[in-house]
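Chains, contacts and geometry: an overview
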Amino acid sequence: MQSIQADIDFCLKEYIKQRKLEEIVSKRQLKRPTTKKWQVIFLFSIAPLLIFCAVLFSFHLPIATIFKMSVSVLLLLFIFELYIRFCLLQTVKCYQHYAKEETRRRCMCIPSCSEYAIICLKKIFPLAIALMKIRIRLYKTCRGEDYKLDFPLKKLNFEFEKKHLN
Amino acid sequence: MEDNKYLTLARQARADGNSEDAKTYYNKVREDDPENGEAKFFYAYFALYEGKNGEIPQRFGNVCQAVFSAVKMVKSSTAPVAEQYATISEIVNAFLPMTWTLNRYMNNKNRETKVGDSYVKVFDQSSITSSCKKGMFAIRDLGNELESIYGGDADAMAIAVLAWKEYVSLAQKWYAYPPKGEAEIYAEKIKKIEPSYEMPKKAGCISFSDKKN
């Protein structure tokens, strides 16, 4: 009897947490940034030009070929880590601007998947890891029937729990 | 609903989380006063913890049945209306989490022990499903019952809204079980009483929940 009661009490604690999360999710204010479609298209259309210029610049430097290649790789990394990251960030903001309320409210996680993507793109380096985290969030974490508290950084999770769930 | 010493002891044991004592005292209250709704419900509630895991679906069914008669007994008791509401509120607040909690408990048990590649099934899927449905519909009907027996009284409706909110929440999670569009109907009912209510949405950013309904 004690064992069943202890297990059910444990589930009851989870239930209480779920209810709190549900309330937060149902009543949260959705941000609507002002990013427009044309801005995103413009940003992405410049990217190939930037990459081309970076490669061209590095190959015109008066240094040995091996160094030219190294500079080229460094410049490309720089473009991907900063410029492409910025483009992706604007894409998410564009989604937040245009997506229907109904679609955005389907997310069962805290923060919402788009907010999670923004935090990842701002705080997680390198870009590949940030993208991987976003993919896991969309296809694995944001599924099922439970409300979840899932920030990309443990510190943020802890802070949220302390502020809203205790 | 006259106060007797066993009822006080039972309430004390319940507040302390001592389910064995609570069940014993509530049983004594039932023997003294078979029309005591609180004792009827909480006896069934604490009996759920007894016995083996295999008996849980059956015992949960008993709780689902007991909750309706308990509410009716409280309503027909001689206790003041405020006390009736307090008792009903306690019954409802104890009953509402049970469906979700039991579902989680059953699923957790089924994932507890692994032999080879497969888990040892403590509960079969059909009993989990039937418990979910039974609990969900009992919650919905409990709200409706409160609405009908108290004729739309504000305090009773506040308790009914709690039940409907739980129903809508479960209906959105287990959207295959309730009749199509019923969650929306109850959400509208809740909104009439509580305009700030936001109906929880179906699961997941990238999900197939819409296609199933």
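Relevant structure appears above.
In this report, we go over the structure that sits alongside the text. (Residues numbered from 1 in each chain as written. Chains lettered and ligands numbered in written order. Predicted model: local features only at pLDDT ≥ 70, side-chain atom pairs only at ≥ 80, totals over all residues. Heavy atoms only, no water.)

Phe41 and Phe95 of chain B are the most contacted members of the largest nonpolar core, which has 68 residues in total. Considering each element in turn, this core owes the most residues, eleven residues, to helix H8 (residues 154-173) of chain B. Formed by 18 residues, the second largest nonpolar core is a distinct cluster that contains Leu43, Ala47, Tyr116 and Leu121 of chain A. (Core = buried A, V, L, I, M, F, W, Y, C linked by side-chain atoms within 4.5 Å. Buried < 20%, exposed > 50% of the residue type's maximum accessible area, 1.4 Å probe, protein only. Helix = DSSP H or I, 4+ residues; strand = E, 2+ residues; numbered from the N terminus.)

Contact residues are listed per partner, giving 30 residues for chain A and 35 residues for chain B. When chain A packs against chain B, the two sides together hide about 3200 Å² of surface, and 56% of this comes from carbon and sulfur. Between Arg104 of chain B and Glu14 of chain A there is a salt bridge whose closest N-O contact spans 2.4 Å. At the boundary of chain A and chain B, one finds eight residue pairs in polar contact (both at pLDDT 80 or more). The set of elements that each furnish at least two residues to the side of chain A that touches chain B consists of helix H1 (2-27) and helix H6 (127-141) of chain A. (Contact = heavy atoms within 4.5 Å. Buried area = accessible area lost by both parts, 1.4 Å probe. Salt bridge = Lys/Arg side-chain N within 4 Å of Asp/Glu carboxyl O. Polar contact = N/O pair within 3.5 Å; in protein donor to acceptor, adjacent residues only side chain to side chain.)

Residues and elements named next belong to chain A. Relative to the assigned elements, Leu61 resides in the loop between helix H2 (37-59) and helix H3 (65-98). Classification of Leu61 by relative accessible area gives partly exposed; the value is 22%. Considered as a pair, Leu61 and Arg135 are 74 residues apart in the sequence and their alpha carbons are 39 Å apart.

Residue and element names in this part refer to chain A. Across its 23 residues, H2 extends 34 Å between first and last C-alpha, which sits within 8% of the 33 Å expected from 1.5 Å per residue. Where H2 bends most, at Ala47, the angle is about 25°, and the proline Pro48 comes one to four residues later. The secondary structure elements touched by the buried residues of H2 are H3. (Expected span 1.5 Å × (residues − 1). Bend = angle between axes of the 7 residues up to and from the residue.)

Nothing here speaks to function; it is all geometry.
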